[in-house]
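What the coordinates show
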Amino acid sequence: MSGRRPLTRLLLALAAAVLALDLATKVAVVATVERGENIRLLGGAVYLTHLRNTGAAFSFAEGFTVVFTVVALAVVVVIVRTAQRLFSTAWAVALGLVLGGAIGNLIDRIFREPGFLRGGVVDFVSVFGPNGEVWPVFNVADSAIVCGGLLGAFLALRGIDFDGSRASADDAR
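Residues numbered from 1 in each chain as written. Predicted model: local features only at pLDDT ≥ 70, side-chain atom pairs only at ≥ 80, totals over all residues. Heavy atoms only, no water.

Things to note about the sheet that holds strand β3 (residues 121-127)
- Taken in spatial order, the three strands of this open sheet run β1-β2-β3, and their pairing is antiparallel. Lying at the two open borders of the sheet, with one neighbouring strand each, are β1 (38-41) and β3. Strand-to-strand twist of the sheet, defined as the mean angle between neighbouring strand axes without regard to direction, takes the value 30°.
- Strand direction decides the pairing type here: strand β2 (residues 46-53) and β3, joined by six bridges, are antiparallel. In the strand pairing of β3, Arg52 is matched with Val122.
- Across the sheet, helix α1 (residues 8-32) touches β2 and β3, and the angle it forms with β3 is around 85°. (Pairing = 2+ DSSP bridges. Helix = DSSP H or I, 4+ residues; strand = E, 2+ residues; numbered from the N terminus. Axes fitted to C-alpha atoms, helices over the stretch in contact; angles between N-to-C directions. Contact = heavy atoms within 4.5 Å.)

Given below as structure tokens:
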């Protein structure tokens, strides 16, 4: 690894891109779609549905917004601290997606109503039916977190470390 640089810039650039896209879409939805309104797109395959989620993913455990805010802050800190040991492009992508999504939803929890650390996350994509009838309503940040998490799980199952090396069979035991 001598002479190699950690992929911190890739991680941060991807996180910034996810965050920018997430914030832009949320601003557009808040400005143009009334809460509870459903705008049918792609023949009903997708609906824009402006909702506020004070729970975790899929509106689980509403009322624990402060806990989710603290967890999101911890995730951000861990990813930023890990960035200096990151030499795997795939891990940089996975963690960049999770970091950007976590910060996007964290901004909502900090700055949106009903107040500091208790704000509702703006969710607006509903697939195959309005109002999350078929699948829970989500946003760009949620999508990035899920995609990054799935990629990270795949890399971990394949034994790929943050430095890009593969864990040996002895390490797995």
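Examining the side chain of Asn53
- You can see Asn53 is positioned in strand β2.
- Side-chain polar atoms of Asn53 contact the side chain of Asp123, separated by 3.4 Å. (Polar contact = N/O pair within 3.5 Å; in protein donor to acceptor, adjacent residues only side chain to side chain.)

Considerations on the confidence of the model for the protein chain
- Overall, the prediction assigns the protein chain a mean pLDDT of 89, with 90% of residues at 70 or greater.
- Element-level pLDDT for the protein chain is lowest in helix α5 (residues 169-172), with a mean of 52, against a maximum mean of 97 in α1. (pLDDT = per-residue confidence, 0-100.)

Topic: unusual backbone geometry
- The linkage connecting Glu113 with the following residue, Pro114, adopts the cis geometry, with an omega of 15°.
- Here Pro114 shows up in the loop between α3 (89-111) and β3.
- A positive phi is found at Asn131, a non-glycine position, where the angle reads about 55°.
- Counting through the fold element by element, Asn131 comes out in the loop between β3 and α4 (140-157).

A closer look at a nonpolar patch on the surface
- Residues Phe64, Val67, Val71 and Val75 make up a contiguous nonpolar surface patch of about 330 Å² in total accessible area.
- When you line up the elements, Val75 lands in helix α2 (residues 65-82).
- Taking the relative accessible area as the measure of exposure, Val75 reaches 31% and is therefore partly exposed. (Patch = residues over 30% accessible without salt bridge, like charges linked within 9 Å, V, L, I, M, F, W, Y side chains within 5 Å. Areas by Shrake-Rupley, 256 points an atom, 1.4 Å probe, with all protein chains shown as cover. Salt bridge = Lys/Arg side-chain N within 4 Å of Asp/Glu carboxyl O. Buried < 20%, exposed > 50% of the residue type's maximum accessible area, 1.4 Å probe, protein only.)

Quick look at the pattern of salt bridges
- A complete count under the given rule lists four salt bridges for this structure.
- The shortest N-O distance in the salt bridge between Lys26 and Asp108 comes to 2.9 Å. Of this pair, Lys26 sits in helix α1 while Asp108 sits in helix α3; the two residues are 82 residues apart in sequence, bridging distant segments of the chain.
- When its relative accessible area of 0% is taken as the criterion, Lys26 is described as buried.
- The salt bridge involving Asp108 is made with Arg112; its shortest N-O contact spans 2.8 Å. Summarising the burial analysis for this pair, Asp108 and Arg112 share the class buried.
- If you follow the salt bridges from partner to partner, you end up with Asp22, Lys26, Asp108 and Arg112 in one network.

As for the pairing of β2
- Relative to β2, β1 is paired through four bridges, and the arrangement is antiparallel. Residue Leu41 lies in a different strand from β2, and its bridge partner there is Val46.
- Linking two consecutive strands that pair antiparallel, namely β1 and β2, is a turn of four residues; a positive phi of about 50° is found at Leu42 within it.

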